[in-house]
Amino acid sequence: MIIFVGRSNVGKSTLIFRLTGKWVRRGKRPGVTRRPVEVNWRGKVIVDMPGFGFMSGLPKHVQERIKDEIVRFIEDNAEKIELAVLVVDGKAAPEIIERWEKRGEIPIDVEFYQFLRELNIPTIVAVNKLDRIKNLQGTINYLAEKFGVPHSEINDTFVPISAKFGKNLDGLRMLMEKKLKEGKRTQDAS
Ligand SMILES: Nc1nc2c(ncn2[C@@H]2O[C@H](COP(=O)(O)OP(=O)(O)OP(=O)(O)O)[C@@H](O)[C@H]2O)c(=O)[nH]1
Ligand SMILES: [Mg+2]
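Residues numbered from 1 in each chain as written. Chains lettered and ligands numbered in written order. Predicted model: local features only at pLDDT ≥ 70, side-chain atom pairs only at ≥ 80, totals over all residues.

Before going further, it helps to examine the site of ligand 1. Lining the immediate surroundings of ligand 1 are 25 residues, of which Gly11, Ser13, Thr33, Gly51 and Lys164 lie closest. Of the residues forming the shell around ligand 1, the biggest block, 3 residues, is contributed by helix H1 (residues 12-20). A per-class count over the shell around ligand 1 returns 6 nonpolar, 12 polar and 7 charged. (Near = placed C-beta within 6 Å. Helix = DSSP H or I, 4+ residues; strand = E, 2+ residues; numbered from the N terminus. Nonpolar A, V, L, I, M, F, W, Y, C, P; charged D, E, K, R; others polar.)

The structure is reproduced here in structure tokens:
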């Protein structure tokens with residue numbers, strides 16, 4: 001099982017559609033995917049997760065419930081999950097992280113990354129919307145620092161892509177293959 005997680009509207013569903021060719025609901029506004037959607041692909045189960053974080057128009061308690069459901073799904077399936085792709089909006093993520101930190105809160109992307117690592121789930125961070133990122137290396141270095149990813153592991157963790165415009169999807173595929181091949185145990189050391 002491979003799960004795609006991330007804030008709402010970052011492009012998870014678009015990415016799954018691009019990678020697999022399987023139809024999944026996508027949309028311009030946040031909150032399109034509301035339940036984990038399983039897609040069979042090349043003998044694997046790909047899961048399109050609902051987005052977490054702020055969604056305008058959704059009451060806070062509904063947002064919290066969605067987040068709890070995601071956490072529960074991941075915990076319940078932790079053994080089965082071979083790989084997680086955490087998708088972030090490369091343009092918006094640094095600003096959002098900054099804002100949460102200023103409020104004294106743990107940014108939700110940081111929280112999820114660490115949660116996945118604690119469960120020993122190999123995780124790739126797909127830095128999406130590459131077409132909108134001005135300073136790519138700066139963005140990746142910033143995210144690595146916030147997520148606690150050491151310098152030596154940046155290239156095996158972060159991959160810039162554009163789901164919408166199909167940029168560097170081969171780079172992502174290659175990293176996914178590599179992580180799947182490594183499996184869970186080699187990640188223990190990190
Ligand atoms: N500019 C740009 N827009 C993108 C890119 N990838 C996806 N989008 C757009 O982002 C929006 C959200 O896409 P979705 O794939 O529905 O996002 P999601 O993460 O599945 O959202 P939820 O299901 O609500 O969590 C759509 O308007 C996409 O066209 C990209 O690489 N660049
Ligand atoms: Mg979606």
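As a further point, take the sheet that holds strand E6 (residues 158-160). Spatially, the 6 strands line up as an open sheet ordered E2-E3-E1-E4-E5-E6, and their pairing is mixed. Edge positions in the open sheet fall to strand E2 (37-41) and E6, since each of these has one partner strand only. Along the sheet, successive strands turn relative to each other by an average axial angle of 25°, direction set aside. Relative to E6, strand E5 (residues 123-128) is paired through 3 bridges, and the arrangement is parallel. Across the sheet, Val125 pairs through a bridge with Phe158, a residue of E6. (Pairing = 2+ DSSP bridges. Axes fitted to C-alpha atoms, helices over the stretch in contact; angles between N-to-C directions.)

This part covers the nonpolar core. Nonpolar side chains in soluble globular proteins tend to be buried together. Leu86 and Ala126 are the most contacted members of the largest nonpolar core, which totals 43 residues. Take this core: its biggest share by element is 6 residues, from strand E4 (residues 83-89). When neighbours within four sequence positions are excluded, Leu86 is seen to be in contact with Val5, Gly6, Phe112, Tyr113, Leu116, Thr123 and Val125. (Core = buried A, V, L, I, M, F, W, Y, C linked by C-beta atoms within 7 Å. Buried ≥ 20, exposed ≤ 12 C-beta atoms within 10 Å, placed from the backbone. Contact = placed C-beta atoms within 7 Å.)

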